[in-house]
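Per-entry structural report
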Amino acid sequence: MKPRDAQQFDVVIIGGGAAGLMCAIEAGRRGRRVLVLEKAEKCGKKILISGGGRCNFTNHFAAPDRFISDNPHYCKSALRQYTQSDFLALVERHGIAWHEKKLGQLFCDRSAEEIVAMLEHECAAANVTIWRGAGAENIRREDGRFTVKAGGRQIGAESVVIATGGLSIPKLGATDFAYRAAKDFGLPMATPRPGLVPLTFGTGDKARFANLSGVSADVEIRFAKARFRENLLFTHRGLSGPAILQISSFWEAGKPVEIDFLPDLDLASRLKEQRKVAPKMKIATLLREHLANRLVDALLQPFGELPELGNCSDRLIADIVNGIKLVKVFPTGTEGYAKAEVTVGGVSTAALDSKTMACRDVPGLFVIGEAVDVTGFLGGYNFQWAWSSGYVAGQYA
Ligand code: FDA
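Residue positions within a chain follow its written sequence, with the count starting from 1. Per-residue local features of the predicted model are confined to residues with pLDDT of at least 70, and side-chain atom pairs are confined, for both listing and counting, to 80 or more; whole-chain, interface and lining totals are unaffected and use all residues. Heavy atoms from the whole structure form the basis of all side-chain values; hydrogens and water molecules are not counted.

On to the site of the ligand. Around the ligand, a shell composed of 31 residues is seen, among which E38, A136, T175, E370 and F383 lie nearest. Whenever a nitrogen or oxygen atom comes within 3.5 Å of another N or O atom, the pair is scored as a polar contact, on the condition that within protein one atom can donate a hydrogen and the other can accept it, and that pairs from neighbouring residues in sequence are kept only if both atoms are in side chains. Residue E38 places a side-chain N or O atom 2.6 Å away from an oxygen atom belonging to the ligand. A136 places a polar main-chain atom, nitrogen or oxygen, 2.9 Å from a nitrogen atom of the ligand. Coverage of the ligand by the protein chains reaches 92% of its 990 Å² of free accessible surface. Comment: elements are numbered from the N terminus, with helices defined as DSSP H or I runs of at least four residues and strands as E runs of at least two. Sorting the residues of the shell around the ligand by element identifies α1 (18-29), β2 (34-38), α2 (45-49) and α13 (381-396) as the ones contributing at least two each. Nearness here has a simple test: a residue counts as near a molecule or strand if at least one of its heavy atoms is within 4 Å of that partner. Each accessible area value is a Shrake-Rupley result obtained with a 1.4 Å probe; residue values ignore everything except the protein chains displayed when judging cover.

Printed below as a string of structure tokens:
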């Protein structure tokens, strides 16, 4: 039975971000009557601010091992069905100039606005209807059909796609809609937490690294089995930069992260060699060849006054090497959703079919993008997940 006065569509997509718009294009191309409900006054706000306004829209190296999830296999099918090359071909068809920055990260040459314009153009070509400023309040299912309530209106649909993203950056309009809907439909959740986010210092580390705000270093950072080789930046509250953002998605409260400040240098051999050829040399002098002065002072501070190299024992050298290459920092927390690029966790993949993105127990309901417990590394992977999962749901919704 169709609710009286409800406007009818085949597919209602809730959320006009990266995943929702991609899904709309694909469902529309199949001839489905598609409505996108977007709470904000414009679509794709996160696309617009991403990559410093140039949108790191995918990564040459997108592959399942660049994603975090309770089920690391879940993302495989979607990433295969719609690859980074597929998205790049779309970008090129629209004449959007792009470049590879580093580590396979692809950015627009000009502006992220071109990506949103491309998606909106494709939506128009596929006869997709978009209502902006139309936040969905709830989804009901009765007799095999859905009714979505938005802005006082009831909208009927055969399929509903939840594409409302995660909790990061509330001031851009992030909502917990996906999680509330998951609860309403009895879908399990992987507990959400901020990811790709700066970490904050505890008092001990704060005192030690207090003067380093603004200093950066090319480091290897480790937590459990995760390791990244990227830049680290000291801030007045703690640690940031790509290395920290990457490791933050893995970090568990109460545990340290480990930093190698000279990942390319066999420091023990170098110090022992110099001990022979330059016994009067200070260890700090050697380290200053590679690291900022203030960072060297902070790292050597626990050792107090150090003798000249010629008078350093093997034991002391080993301790100093550990003090540079195995530095344990105990973050007290993260800077939270206000600064997080993504939400780790979300609607559990256990409830979803990896080949279609459909809920196993609720026919016609789909969940895609960041709302799902699939989180990419930094570097264009999260958008690739949005494109891939959106594309797949668009084939079945
Ligand atoms: P997304 O959040 O994009 O879209 C969800 C949409 O749903 C929003 O438009 C929201 O307004 C709408 N919505 C929410 N509740 C609603 C409701 N009740 N009714 C209707 N609409 C509702 N990734 C990457 O790969 N490369 C990059 O360069 C960056 N850069 C970056 C910078 C910053 C500052 C942030 C915060 C994030 C990134 N990211 C990124 C991550 C990337 O932006 C993110 O993973 C994707 O936008 C997720 O796409 P979704 O479509 O799932 O959610």
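Picking up after the structure, the text goes on.
Within the secondary structure layout, S389 lies in helix α13. Since its relative accessible area comes to 0%, S389 is described here as buried. A polar contact is formed between the side chain of S389 and the backbone oxygen of A386, at a distance of 3.5 Å. Every residue in contact with S389, bar those within four places of it in the chain, is listed here: A78, M357, I368 and G369. Here's how the labels work: a residue is buried when its accessible area is under 20% of the maximum for its type, exposed when over 50%, partly exposed in between, all with a 1.4 Å probe on protein chains only. Two residues form a contact once any of their heavy atoms are found within 4.5 Å.

All right, on to helix α4 (residues 84-93) then. Along α4, the residues classified as buried are Q84, F87, L88, L90 and V91. All buried residues of α4 project into a common sector of 155° when viewed along the axis, lining one side. Turned more than 90 degrees off the buried face of α4, the exposed positions are S85 and R93. Looking at the buried positions of α4, the neighbouring elements they touch are α1, β3 (56-59), β5 (98-100), β6 (105-108), α5 (113-125) and α13. Among the residues trailing α4, G95 stands out with phi positive, at a value near 65°. When we speak of the arc, we mean the arc of directions from the helix axis to the C-beta atoms.

Let us now look at the domain arrangement of the protein chain. These domain boundaries are the output of an automatic or database domain assignment. You can read the domains of the protein chain as domain 1 (3-192 + 344-394) and domain 2 (198-335). Distance between the C-alpha centres of domain 1 and domain 2: 40 Å. Domain 1 puts six residues into the contact, and the matching count from domain 2 is seven residues. Contact between domain 1 and domain 2 buries roughly 590 Å² in total, counting both sides, with carbon and sulfur atoms accounting for 67%. Simply put, the buried area is the total loss of 1.4 Å probe accessible area from both parts when two parts are fitted together. It is I68, F377 and L378 in domain 1 that bury the most area against domain 2; as a group they hold 67% of the surface buried on that side. Every case where a carboxyl oxygen of Asp or Glu lies within 4 Å of a side-chain nitrogen of Lys or Arg is listed as a salt bridge. Taken together, domain 1 and domain 2 are joined by one salt bridge. Salt-bridge contacts for E230 lead to K102; the nearest nitrogen and oxygen are separated by 3.3 Å. Our count for the domain 1 to domain 2 interface comes out at two residue pairs in polar contact (both at pLDDT 80 or more).

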